[in-house]
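What follows is the residue order along each chain.
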Amino acid sequence: MKRVYAIGVDLGATNVRVALGDSNGRIIKKIVEPTVRKGDKYALSNQIISMIKRLVSPSELKKVRGIGIGSIGPLDIKSGKILLAPNLGLRDVPLAKPISEEFNLPVYVLNDCVAAVVGEKTFGAGKRIDNLVYVTISTGIGCGVYVNGHLLLGKDGNAHEVGHIVIDYEGRLICGCGKRGHWEAYCSGRNIPKFAKLLIEEMPQEEVRKSKLFSTGKSIEELTARDIYDAAKSGDKVALKIVNEVGRLNAIGIANIINAYDPTLITLGGSVTLYNEELVLEPIKKYLNDYIVNRPPEIRVTPLRENIVLYGAIALVFNPPPIPAP
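Calculation criteria
- Position numbers for residues start from 1 in each chain and track the written sequence from start to end.
- Only residues with pLDDT of 70 or above have their local features reported here, since the model is predicted, and side-chain atom pairs are shown and tallied only from 80 upward, although totals for entire chains, interfaces and linings are computed over all residues.
- With hydrogens and water set aside, each side-chain value is computed from the structure's full complement of heavy atoms.
- The helix count covers DSSP runs of H or I at least four residues long, the strand count covers runs of E at least two residues long, and both are numbered beginning at the N terminus.
- Both definitions apply: the radius of gyration is a C-alpha atom measure, and the globule rule equals 2.2 Å times residues to the power 0.38.
- Burial classes: relative accessible area under 20% of the type maximum marks a residue as buried, over 50% as exposed, and values in between as partly exposed (1.4 Å probe, protein chains only).
- Any two residues having at least one pair of non-hydrogen atoms within 4.5 Å are treated as being in contact.
- To be clear on the numbers: accessible area is Shrake-Rupley with a 1.4 Å probe, and residue cover counts the displayed protein chains and nothing else.
- Think of it this way: Lys and Arg go in the positive column, Asp and Glu in the negative one, and His and the chain ends go nowhere.
- Note on charges: their place is set at NZ of Lys, CZ of Arg, CG of Asp or CD of Glu.
- Ring geometry is summarised as follows: Phe, Tyr and Trp rings, the Trp one being its six-membered ring, pair when their centres sit within 6.5 Å, and such pairs are stacked at plane angles under 30 degrees, edge-to-face over 60 and tilted between the two.
- Both a distance and an angle decide whether a charge sits over a ring: NZ of Lys or CZ of Arg must be within 6 Å of the ring centre and within 35 degrees of the ring normal.
- Any two strands with at least two DSSP-identified bridges between them are counted as paired.
- Inter-axis angles, ranging from 0 to 180 degrees, are taken between N-to-C directions of lines fitted to C-alpha atoms, where helices are fitted over the stretch in contact.
- Note that a disulfide, as used here, is simply two cysteine sulfur atoms within 2.5 Å.
- In these notes the angle categories are as follows: under 35 degrees is roughly parallel, over 145 is roughly antiparallel, 65 to 115 is roughly perpendicular, and the rest is oblique.
- Put simply, a crossing is left-handed when the front helix is turned counterclockwise from the back one by less than a right angle, and right-handed when it is turned clockwise.
- Residues were grouped as follows: Ala, Val, Leu, Ile, Met, Phe, Trp, Tyr, Cys and Pro as nonpolar; Asp, Glu, Lys and Arg as charged; and all remaining residues, including Gly, as polar.

### Describing the overall build of the protein chain
Here comes step 1: Regarding its fold elements, the protein chain presents twelve helices and 13 strands.
Here comes step 2: Radius of gyration (C-alpha) of the protein chain: 20 Å, near the 20 Å computed for a compact globule of 326 residues.
Here comes step 3: Projected onto its principal axes, the C-alpha positions of the protein chain cover 65 × 45 × 35 Å.
Here comes step 4: Across the 326 residues of the protein chain, 56% fall into the buried class.
Here comes step 5: Within the protein chain, counting contacts between residues at least 6 apart in sequence, those at least 24 apart form 65% of the total.
Here comes step 6: Only carbon and sulfur atoms are counted for the fraction: they give 49% of the accessible area of the protein chain, which is about 14700 Å².
Here comes step 7: In the protein chain, which carries 42 positive and 34 negative side-chain charges, the distance between the mean positions of the two groups comes to 5 Å.

Put into structure tokens, the structure is as follows:
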């Protein structure tokens, strides 16, 4: 049997990953680059085109059926473009058209987390599960959802922008999208330090001064999510309090998902989760029952790890999603 390939693209706010894979879910090779943050509206599509040309040989390209892209959004999946990328400061970015024209191949574009849940259902933990949610906690926060075996998309393909669920009605922090009180503004990798600053300012300052978070001379403004989780792993009391409160807000976000979609399984991924599994999962499980009304699902880390969006993007080519009517 002639081997058929697909090209998968994971377009994130931090990195772009491009992979060559097959219908059996085997990733043959991949490359990763930092996402371009400068240039015109074609900078992202030009970066993806360049990466594909460096990864896939002309002879392999002849066997490629199509290109799947899991992208940050919100998107217009009918035209295959990014409407808004708040973490990059970009609007109206075309993806499908320039890439399709360059390679003369069909290009399928979905939200990165929607692509990821397709990957989970096709190649991962959700193979035999009809009610499935994938949640990423990374630079941003998002999810993809199957209900009764149907992939939820919405009119523009943005049915699951859960990072913009309001979890703080006081709106103390402003999200990258410009709105107040969103889950992503408090619990994403980029914004955890901002929430930490709020919490630290309310703690006894003698306790704060003893924290390992400041043993290297860093100021509150210089802290990163990694600093906080690494200190928590070492037992630092201030860091553990921060991680606990981030986990409480994550539980509220996950509870909203459970109450809305009633899944059997939720898998978690994204850099914050994958590098800090217990510190992310345990607080969610600790506080979840305070907020849900539906029966709790199984919650676990995705077995597809950091490649989940690539698996989904590859799966899109072999089983294209139904594009909603305008």
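### So, the packing of aromatic side chains
Here comes step 1: In this structure the tally under the stated criterion is two aromatic pairs.
Here comes step 2: Between Phe123 and Tyr311, the ring centres sit 5.9 Å apart and the planes meet at 55°, which makes this aromatic pair tilted. Separated by 188 residues along the polypeptide, Phe123 in helix H4 (residues 112-123) and Tyr311 in helix H12 (residues 308-318) bring together distant segments of the chain. In this pair, the class of Phe123 matches that of Tyr311, namely buried.
Here comes step 3: Here Tyr186 and Phe195 contribute two aromatic rings whose centre-to-centre distance is 5.4 Å and whose plane-to-plane angle is 70°, an arrangement assigned as edge-to-face. Phe195 carries the same exposure label as Tyr186, and that label is buried.
Here comes step 4: Above the plane of the ring of Tyr287 lies Arg248, whose end atom (NZ or CZ) is 4.3 Å from the centre.

### Brief notes about the sheet that holds strand S10 (residues 141-147)
Here comes step 1: Judged by pairing direction, the sheet is mixed, and its five strands sit side by side in the order S11-S10-S9-S12-S13 without closing on themselves. At either margin of the open sheet sits one strand with a lone partner, and together these are strand S11 (150-151) and strand S13 (298-301).
Here comes step 2: Along the sheet face, helix H9 (residues 237-261) touches strand S9 (132-137), S10, strand S12 (265-269) and S13 and points at about 160° away from the line of S9.

### Some words on the state of the cysteines
Here comes step 1: Taken as a whole, this structure holds zero disulfides when the rule is applied.
Here comes step 2: For the unlinked cysteine Cys175, the closest cysteine sulfur is that of Cys177, found at 3.8 Å.

### A look at the packing of helix H8 (residues 225-233) against H9
Here comes step 1: Across the interface, H8 lies against H9 with an axial gap of 8 Å and an inter-helix angle of 115°. Viewed along their axes, H8 and H9 adopt a mutual orientation that is roughly perpendicular. For the crossing formed where H8 meets H9, the hand is left-handed. Residues Ile228, Tyr229, Ala231 and Ala232 of H8 form the contact with H9, whose own contacting residues are Ala239, Leu240, Ile242, Val243 and Val246.
Here comes step 2: Its residues assigned to classes, the contact of H8 with H9 comprises nine nonpolar, no polar and no charged.

### Here's the deal with the sheet that holds strand S3 (residues 27-34)
Here comes step 1: The mixed open sheet is built from five strands, whose spatial order is S3-S2-S1-S4-S8. At either margin of the open sheet sits one strand with a lone partner, and together these are S3 and strand S8 (107-111). On average, each strand axis in the sheet is inclined to that of its neighbour by 15°, with strand direction left out of account.
Here comes step 2: Sitting on the sheet, H4 is in contact with strand S1 (5-11), strand S4 (64-71) and S8, with an inclination near 105° to S8.

Keep in mind that these numbers describe shape and distance, not what the molecule does.
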